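Topology and contacts: notes
Okay, here's what each chain looks like letter by letter:
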Amino acid sequence: MLLEEQKSAAGAVVGRFAPTPSGFLHLGNVFCSLLAWLYAKSSGGKIILRIEDLDPQRCTRQKADQLARDLEWLGLTWDEGAYASANSDSYFQSQRSAIYARYFEQLKASEIVYPCFCSRSELHAAEAPHLSDGRIIYAGTCRELTSEQRQARAQKRAPAYRVQVEDKPISFLDGHYGSQSYNLAEESGDFIVRRSDGVFAYQLAVTIDDALMGITQVVRGCDLLSSTPMQLYLYRLLGFTPPSFSHIPLLVDVTGRRLSKRDGDLEIVALRKLYDSPDPIIGLLAYLAGQTEKPEPLSVKDLLPIFDASKIPKQNIVVPEIKFL
């Protein structure tokens, strides 16, 4: 049975873990999960686990199972969601397509969504504007196609679907980085809500899920800061109340490269073979988050009473070569 809208008590904090099972949990994932857990629990709130396995080519249930086991071993337990609720499967995004489809049709009915036939190579063409970080600003190429042109192009390739954005700023207060303002027309252009293969896009799915699951507090890496205005825009279009957002710095190596699943950086599966307890790992992350003066073994329960979000650094954090890790 698909998850229906949940109602949280007035003022109650509901945070979430939302890992993507495209690889094994690594130290950077744990850093984000730990801070999300501390933010929620320090406010007397609860945590929901959602598995973001939208892409069937990259995500597997086996990896999701391992992610859950690793989180439990670390002491980062959750109150509801995947592996913890009677309707556990409904917390897997791969099982929620019917829900996304319903809201997608709502957007289509408002005529703010349109088909896009641009290929990847066309989007990366030299004339396409790019931001300094490599993100492409969509030029609106397919926005004004006539119905006849759309029908002709649909004979050659299945379209993705984009939502048309407004040329005005979207402002919000980030819990860690303060006041933010983005103009989607200038910084992303119309963005995709359903891919050409029929898979619903991250921006749409996460917005719907956070709203229907009653999430009131989102804590995640600062690499997703630029996604927030897209999601706030969708919140407004769909009539949802947005949560609060706090973005946190990323863990990087000594060269400045972010830790990633792709490169197998400090995977928890490997670290569990080295340590009988998660305390050395939690202690290191507490130190990197500015919560302790030196890296020493610490459990999440020990860390909770001393947690102070204001001590978390603003800049990305270099993971040093520390002997006990």
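Bear in mind the structure is a predicted one, so any value in this text is a computation, not a measurement. Residue numbering note: each chain is counted from 1, following its sequence as written. Only residues with pLDDT of at least 70 get local features here, since the model is predicted, and only at 80 or more are side-chain atom pairs given and counted; chain-wide, interface and lining totals rely on the full set of residues. Only hydrogens and water are removed before side-chain values are computed, so all heavy atoms of the structure are retained for them.

**With respect to the overall build of the protein**
For clarity, the cut-off: Helical segments are the DSSP runs of H or I of at least four residues, strand segments are the runs of E of at least two, and each set is numbered from the N terminus. Working definition: with a 1.4 Å probe on protein chains only, accessible area under 20% of the residue-type maximum means buried, over 50% means exposed, and in between means partly exposed. The contact rule is simple, with two residues in contact once any of their heavy atoms fall within 4.5 Å.
Each helix and strand counted, the protein has 11 helices and 12 strands in total. Residue burial in the protein is summarised as follows: out of 325 residues, 52% are buried. Here the analysis covers contacts within the protein between residues at least 6 apart in sequence; of these, 76% occur between residues at least 24 apart.

**Considerations on the packing of helix α3 (residues 97-109) against helix α8 (residues 228-238)**
Helix packing geometry: the angle between the two helix axes and the distance between the axes. Here is the rule: In this description, a line fitted to the C-alpha atoms serves as the axis of each element, helices being fitted only across the stretch in contact, and the angle between N-to-C directions of two axes falls anywhere from 0 to 180 degrees. Reported orientations rely on four angle classes, namely roughly parallel under 35 degrees, roughly antiparallel over 145, roughly perpendicular from 65 to 115, and oblique for the rest. Charged residues are taken to be Asp, Glu, Lys and Arg, nonpolar residues to be Ala, Val, Leu, Ile, Met, Phe, Trp, Tyr, Cys and Pro, and polar residues to be all remaining types, Gly included.
Across the interface, α3 lies against α8 with an axial gap of 11 Å and an inter-helix angle of 80 degrees. The orientation of α3 with respect to α8, classified from their angle, is roughly perpendicular. Residue-level inspection shows Tyr 103, Gln 106 and Leu 107 of α3 in contact with α8, the latter providing Leu 234, Leu 237 and Leu 238. Across the contact of α3 with α8, the residue classes break down as five nonpolar, one polar and no charged.

**Considerations on unusual backbone geometry**
Positive phi values are uncommon outside glycine, yet Tyr 83 reaches one of about 70 degrees. Summarising the element assignment, Tyr 83 is placed in the loop between β3 (80-81) and α3. On the basis of relative accessibility, which here comes to 35%, the residue Tyr 83 falls in the partly exposed class. The phi angle at Glu 111 is positive, at roughly 60 degrees, despite the residue not being glycine. Along the chain, Glu 111 turns up in the loop between α3 and β4 (113-116).

**Considerations on α3**
Note: α-helices contain 3.6 residues per turn, so residues at a spacing of three or four share the same orientation. Formally: What a helix is expected to span follows from its residue count: subtract one and scale by 1.5 Å. Throughout, the arc means the angular range of directions from the helix axis out to the C-beta atoms.
In this model α3 runs 18 Å from its N-terminal to its C-terminal C-alpha over 13 residues, within 8% of the 18 Å that 1.5 Å per residue would give. All buried positions along α3 are accounted for by Ile 99, Tyr 100, Tyr 103, Phe 104 and Leu 107. In a view along the axis of α3, the buried residues occupy a sector of 130 degrees, so they form one face of it. In this structure, the buried residues of α3 make contact with β4, β5 (160-163), β8 (191-194), α7 (202-212) and α8. Of the residues flanking the end of α3, it is Glu 111, one or two places downstream, whose phi is positive at about 60 degrees.

**Considering the side chain of Ser 226**
In this fold, Ser 226 is placed in the loop between β9 (217-221) and α8. Excluding its chain neighbours within four sequence positions, the residues that come into contact with Ser 226 are Arg 135 and Tyr 182.

**Quick look at the state of the cysteines**
Formally, a disulfide is one covalent bond, and it connects the sulfur atom of one cysteine to the sulfur atom of another. Cut-off, in case you're wondering: In this description, a disulfide is simply a cysteine sulfur pair whose atoms lie within 2.5 Å.
If you walk through the whole model with that rule in mind, you get zero disulfides. As a non-bridged cysteine, Cys 222 has Cys 32 as the owner of its nearest cysteine sulfur, 9.7 Å distant.

**Points about the packing of aromatic side chains**
Put simply, the test is: Note on ring pairs: Phe, Tyr and Trp rings are taken, using the six-membered ring of Trp, and paired if centres are within 6.5 Å. Classes follow the plane angle, with under 30 degrees stacked, over 60 edge-to-face and the rest tilted.
Applying the stated criterion to the full structure yields eight aromatic pairs. Measuring from ring centre to ring centre gives 6.0 Å for Tyr 100 and Phe 200, while their planes differ by 65 degrees; the resulting arrangement is edge-to-face. With Tyr 100 in helix α3 and Phe 200 in the loop between β8 and α7, the pair connects residues that are 100 residues apart, well separated along the chain. For the pair Tyr 100 and Phe 200, one class covers both residues: buried. Relative to Phe 240, the ring of Tyr 235 lies with its centre 6.4 Å away and its plane at 75 degrees, an arrangement referred to as edge-to-face. We note that Tyr 235, like Phe 240, is buried.

**So, the sheet that holds β8**
In a beta sheet, neighbouring strands pair by backbone hydrogen bonds and run either parallel or antiparallel. To be explicit about the condition: Any two strands with at least two DSSP bridges between them are considered paired.
Ordered by their spatial adjacency, three strands build an open sheet running β4-β5-β8, and the pairing between neighbours is antiparallel. A strand with exactly one partner marks an edge of an open sheet, and here the two such strands are β4 and β8. Sheet twist, expressed as the mean angle between neighbouring strand axes with direction ignored, is 45 degrees. Relative to β8, β5 is paired through three bridges, and the arrangement is antiparallel. Residue Val 163 lies in a different strand from β8, and its bridge partner there is Phe 191.

**Some remarks on the sheet that holds strand β2 (residues 46-49)**
With respect to topology, three strands assemble into an open sheet ordered β1-β2-β3, the strand pairing being parallel. Two strands lie at the open edges of the sheet, namely β1 (14-17) and β3, each paired on one side alone. Taken together, the two bridges between β2 and β3 define a ladder with parallel strand orientation. Residue Leu 49 lies in a different strand from β3, and its bridge partner there is Gly 81.

That's the geometry; what it means functionally is another story.
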